[in-house]
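# Fold and contact review
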Amino acid sequence: MPLSSSAVYVAAPEGDTGKSTVALGLLRILAGTVQRVGVFRPVTVAPRVVDTDTDTDTDTGTGTGPDTEPARDRIVEMLLQHTTVDLAYEDCIGVTNDRVHEDRDSALAEIVDRYHAVASQCDVVVILGTDYTGVPSPTEFDFNATLAVNLGAPVLLVIRGADRTPGEIGTNARLTLEELRVEHAHPVGIVVNRCDPSALEAIQAELAPLDLPAWTLPSQALLTAPTMGELVDAVDGTLYSGDPALLDREVMALMVGGMTGERILERLVDGMVVIVPADRTDAVLAVLTAHGAEGFPSLAGMIWNGSLMPNAAMDRLVRGMRSTLPIVCTDHGTYDTARLAAETRGRVYSGSGRKVETALSLMEKHVDTEELLARLRVDTPDVMTPQMFEHQLLERARADKRHIVLPEGDDDRILHAAGRLLRRDVADLTILGDPEAVQRRADELGIDLSGAQVLDPRSSEHAEPFARQYAELREHKGMTLDVARDRMLDISYFATMMVHTGLADGMVSGAAHTTAHTIRPALEIIRTRPGVKTVSSVFLMCLSDHVLAFGDCAVVPTPTAEQLADIALSSAETASRFGVDPRVAMLSYSTGDSGSGADVDKVREATEIVCARIAAAAEGDPMADLVVDGPLQFDAAVDPTVARKKMPDSPLAGRATVLVFPDLNTGNNTYKAVQRTAGAVAIGPVLQGLRKPINDLSRGALVEDIVNTVAITAVQAQGAAVQAQGAAVQAQGSGVRAQGSAVEAQGTAGAREGES
C-alpha cells in the first residue's frame, strides 16, 4: 500500500516511553500547520470487567454499576481536545485488545475501515500505537508495524531513554528499525524520550549513523509525577481541609512521618506529601506550620491514614489555621497508604494543564519541526485556522523575545499564564506583587516562576525615579512629587512607567482591574504615536479557515469621522502586523449611496478622510497600497456574491479583512455574536495607537487568553522597536542633511567673502 502523506503512526517497542506526550506535541505542531488534524487509536485496552457482587471495576478500583458505560481511553480523550476536526470519541477508536487476541485478521480489517472513515474528514491523522497493557504479547510491536503498513502511514518511532546508556539506546533503536523494515514499514524519524539531560549529545552521536532524523527529549519529573488529586483517588481518600485548587499540583516526593515533628521538618522538600496519622499532633502541626512558614518548602499535601480523626480541640485548631495545604483522610493503614501512593504514576490527561504545556515545550525546544514536517510531506495550506494562528503567534513572539510586565501578580490566572509563557519561552516577564506572597502562591500551585522577575512597587528602587519622571511629565497638569509618589504605588502606573523607561517592552493587565484603570496611565505616560490622535482597539476574530480584524469593539463609544479614520488605519496596521492582508471596510447600515442620514454621512466622511491619507502617503509606505471602501453593510463587505449585487464597483469585492464599526455598541455586540454563534476564537482587545504596547484583559479572561495577549503584546513590541529604529535612522539622516546644508552655507559665505 502506498504511503499516505496524511498520517503518521507514533509507535514504541515497549511501554513506559512517554509516547502519548510525543503524540500530543506532534498533534499541536500539525494543528499549527494544517487545517484539519485528527487522531486515531487502532487498539485500546478492553473495557474493564465488572464484579457483579461489588459493582467494582476489578482492574481500576473505580465503582461502577449495571448502567455504567465501559471505561474510556483517557489518552484519546486528551488528544481529542487538541484536534481541529469535530470527531466523536467512538469514531477515533479501532478495536479492543480482546478483539485483536480473538481474531487478529478480522480486527485488522475493522481497524482499516474505521481509520479511513476518520481519515476522510482530515488533512492529517496522528495514529497512536498500542500501550503494551492488558495481555502481554511478544508480537505486539510487529502488529504495530503491520498496522502502519496497512494504514499507509509512516512511523515516528519513540524509544525509552530512562535508565539506559547511550550505547543501549542505540542498540535498541537499530534492532527496532530492523523489525520495522522487515514488516515493510517506513520510519521517518526517532524520538528518544525521558533521556538523562546530561547525555543528550552522547545519545545523538550514537544515533547519527542510522541515517534517520533523531531527536532527544530530556527527562522531566513533572510528566510522570501524580497530582495530589490522583493520590486522593489512589488511597480512596476524602479532602478534609485545604484549597481544592491545589489538588491539581504534582507530587514530587513522599514521606511517611514515622518520626518526631522536628525530624520531619529536617526532611521536607518542595512538592512533598507527608503520610501521618491524625493523632500524631506534633507531626501534624509541624507539617502545617512549615507549609506556611518562610524558609520552608511548599508542600503538596498531607495524608491522614488509619481512619483516625483529630479530636474536637485539634479539629478547631487545624481549621482555624486556615492553611491552604490539602489534608486528605483515608481508612488504609500506613503500609497500604504508602504503597498505593508510591505506585501511583502521573499521566498526561485532558486536565493535566502543566503536563500538557511541559510536553509541548519539550517538543518545541528539542524537535526540528520543519525537518519533521518535511519528512512527513505535509504541505502548508492557504487557509488560517484558530490553532494555526495561535501557533504562528507564539512562534513570532518566541523568534524575537520581548520583556512584558504583568502587574496583577495576586491573580492565580496570571501566575498560571506566566508559568506557561516561561515554559514555552515566549517572553521575558516581570510580575508585580509582594515577592514572598507571589512565590508562595506559585509554589502552592506548582508553578515555576524562577525565570521571571518579581517586583514590589512599594519597595522597588525604581519607585522614586519613576515618581520624579511622572511628576515632570504631568507638571503641566499641576502634578506634585508627593502625589506622583502615591501614583507609583498603583500597579498600573508603576508598570506603565516600566514600559515608558524601557525596563519593559509592553504591559498586559485587566484580569482584575477595569479597562479605564489599565488605559488611563498609558494615555498620560505613553501617549499616542505621531500622526494618531485616537487610542482604539481591535479584535482578531479567528474563524474556521481565516482571520478577520474587528475594530473598535472596546474603547471609543461614539467615534467622530476623524476618529473612525484613525481606527481604520490603526486596525489595518495591526492586522498586517499579525499576518492578515488588510482590506478595510467602513461599515454602516447602508451600502454606497443607497441611504442617507447622520450616521451614514459620518462613515462616508471617515472613508473620505482615510482615502485622503492614503493618497498623501509617501512612496514605499505600506499605507499607500491600502484598499478601503465604505459605507458598506456587513454582508456586502465579506460576501463576494452580495457585493456584486449591492456594490459591483467596490475595490473590496466582498473580500474585506478589516471591518470598522461605526460605534462601540455595534462593534462590541457584533464581535460577541460572531464569537458565540460562529464558534470564532476572539483574541483581544488589542489596543492600538499608543507609542508602546499596553493591552487590556477581560476580567473573565482565561489562562489561554492571557497567554495569547502577552504574545500579541510581544509582537507589537517587536514592531514598535522596528519603528523606533526607523525613526532614529530618519532623524539621524535629517541631522546629517542639516549638517551638510550648514557646511554648504558656510562654504558659500566664505566664497562670497573671498570675492569681496
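Now for a quick tour of the structure.

The rules behind each value
Residues numbered from 1 in each chain as written. Predicted model: local features only at pLDDT ≥ 70, side-chain atom pairs only at ≥ 80, totals over all residues. Heavy atoms only, no water. Buried < 20%, exposed > 50% of the residue type's maximum accessible area, 1.4 Å probe, protein only. Helix = DSSP H or I, 4+ residues; strand = E, 2+ residues; numbered from the N terminus. Arc of directions from axis to C-beta. Contact = heavy atoms within 4.5 Å. Salt bridge = Lys/Arg side-chain N within 4 Å of Asp/Glu carboxyl O. Pairing = 2+ DSSP bridges. Axes fitted to C-alpha atoms, helices over the stretch in contact; angles between N-to-C directions.

The next thing to look at is helix H13 (residues 334–343). Buried residues of H13: Thr337, Leu340 and Ala341, and no others. In an axial view of H13, the angular spread of the buried residues amounts to 95°, which keeps them on one side of the axis. The exposed set on the far side of H13, more than 90 degrees from its buried face, consists of Tyr335, Ala342 and Glu343. In this structure, the buried side of H13 is in contact with helix H9 (228–234), strand E11 (253–256), strand E12 (272–276) and strand E13 (301–304).

This paragraph deals with the pattern of salt bridges. In total, this model carries 43 salt bridges according to the counting rule given. Glutamate 524 is paired through a salt bridge with arginine 474; the nearest N and O atoms lie 4.0 Å apart. Of the two residues, glutamate 524 sits in helix H22 (residues 515–525) while arginine 474 sits in the loop between helix H19 (463–473) and helix H20 (481–487), which places them 50 residues apart along the sequence. Glutamate 524 gets classed as buried once you look at its relative accessible area, which sits at 11%. A relative accessible area of 15% places arginine 474 in the buried class.

The strand order E10-E14-E13-E12-E11 describes an open sheet built from five strands, whose pairing is mixed. Two strands bound the open sheet, and with one partner strand each, they are strand E10 (238–241) and E11. Across the sheet, the mean angle from the axis of one strand to that of its neighbour is 25°, orientation sign disregarded. Its contacts with the sheet place helix H11 (residues 281–292) against E12, E13 and strand E14 (327–329), and it is angled at close to 165° to E13. On top of the sheet, H13 reaches E11, E12 and E13; it is set at about 175° to E11, its chief contact.

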